[in-house]
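Residue strings, one per chain:
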Amino acid sequence: MQTVSINNFGFLIAYLVPGFTTLWGISFFSTTVQSWIRVLPSEAPTVGGFLYVTIGSVAVGLTISTIRWIVIDTIHYWTGISDPGWNFSKLQKNINAFDRLIEIHYHYYQFYANMLIATVFVYCSARISSGFQKVPFGWAEVILLFLVLLFFAGSRDTLKKYYRRIDMFLGTDS
């Protein structure tokens, strides 16, 4: 089994963690997904269950990333963070720096923005499954608001740094 390294950590945080979080939200409505995730402490997880959760988390994580692209990227664009239009003819001589900036900024951007979407999904799933009107508003909403603000601020910061730092060595096409 491969260990977590710099080569796969970005994949883990960008897709797997938000995907698993979203699977948790799906488990409120699907007994199949519930059986993959909610294993009793007395039961050992099965290899099949682990595989289903892992593959499902990746698939859902990629789907969440697409929703992030449509929603969060658009919001960032409307609020002043736009793709600089880099000059990719300079990429080859800067490929190592480019890869490193993806590792230290863009994967974290993906995590923060994907987790924002996943967190809202889990909250909505929990509220809907418990009967939206039956459960009074309280600490869950305070925590949700805190996480949404935290993930949004984190996504803005890392995306701005990513764009600014890559712009330093790629420049723009203009």
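Residues numbered from 1 in each chain as written. Predicted model: local features only at pLDDT ≥ 70, side-chain atom pairs only at ≥ 80, totals over all residues. Heavy atoms only, no water.

The helix and strand tally for the protein chain stands at five helices and zero strands. Starting at the N terminus, the α and β elements of the protein chain follow one another as α-α-α-α-α. Across the 174 residues of the protein chain, 39% fall into the buried class. Counting only contacts in the protein chain whose residues sit at least 6 apart along the sequence, the fraction spanning at least 24 positions is 84%. (Helix = DSSP H or I, 4+ residues; strand = E, 2+ residues; numbered from the N terminus. Buried < 20%, exposed > 50% of the residue type's maximum accessible area, 1.4 Å probe, protein only. Contact = heavy atoms within 4.5 Å.)

Here we come to the packing of helix α3 (residues 47–78) against helix α5 (residues 139–170). Between α3 and α5, the shortest axis-to-axis distance is 11 Å and the interhelical angle comes to 65 degrees. Note that α3 runs across α5; the crossing there is right-handed. Every residue of α5 that contacts α3 at Ile72, Ile75 and His76 is listed here: Phe152, Ser155, Arg156 and Leu159. Looking at the contact of α3 with α5, its residues break down into four nonpolar, two polar and one charged. (Axes fitted to C-alpha atoms, helices over the stretch in contact; angles between N-to-C directions. Left-handed = near helix turned anticlockwise from the far one by under 90°. Nonpolar A, V, L, I, M, F, W, Y, C, P; charged D, E, K, R; others polar.)

Moving on: the nonpolar core. Most often, soluble globular proteins have nonpolar side chains that are buried together. Formed by 28 residues in total, the largest nonpolar core has its most connected members in Phe98, Leu159, Tyr162, Ile166 and Leu170. Counting only elements with at least two residues in this core, the list comes to α1 (6–26), α2 (31–37), α3, α4 (95–129) and α5. Among the elements that take part in this core, α4 stands out by supplying ten residues, more than any other. Contacts of Leu159, omitting those with residues within four sequence positions, involve His76, Ile81, Tyr106 and Tyr109. (Core = buried A, V, L, I, M, F, W, Y, C linked by side-chain atoms within 4.5 Å.)

Right, let's get into α3. A rise of 1.5 Å per residue sets the reference length of α3, with its 32 residues, at 46 Å; its end C-alpha atoms lie 45 Å apart and thus fit the reference within 8%. At Arg68, α3 shows its largest kink, close to 40 degrees. With its phi angle positive at about 105 degrees, Gly80 sits one or two positions after the end of α3. (Expected span 1.5 Å × (residues − 1). Bend = angle between axes of the 7 residues up to and from the residue.)

Looking now at the pattern of salt bridges. Tallied over the full model, the rule gives four salt bridges. Between Glu141 and Arg127 there is a salt bridge, and its shortest N-O distance comes to 3.3 Å. Of this pair, Glu141 sits in helix α5 while Arg127 is found in helix α4, placing the two residues 14 residues apart along the sequence. The burial state of Glu141 is the same as that of Arg127; both residues are buried. (Salt bridge = Lys/Arg side-chain N within 4 Å of Asp/Glu carboxyl O.)

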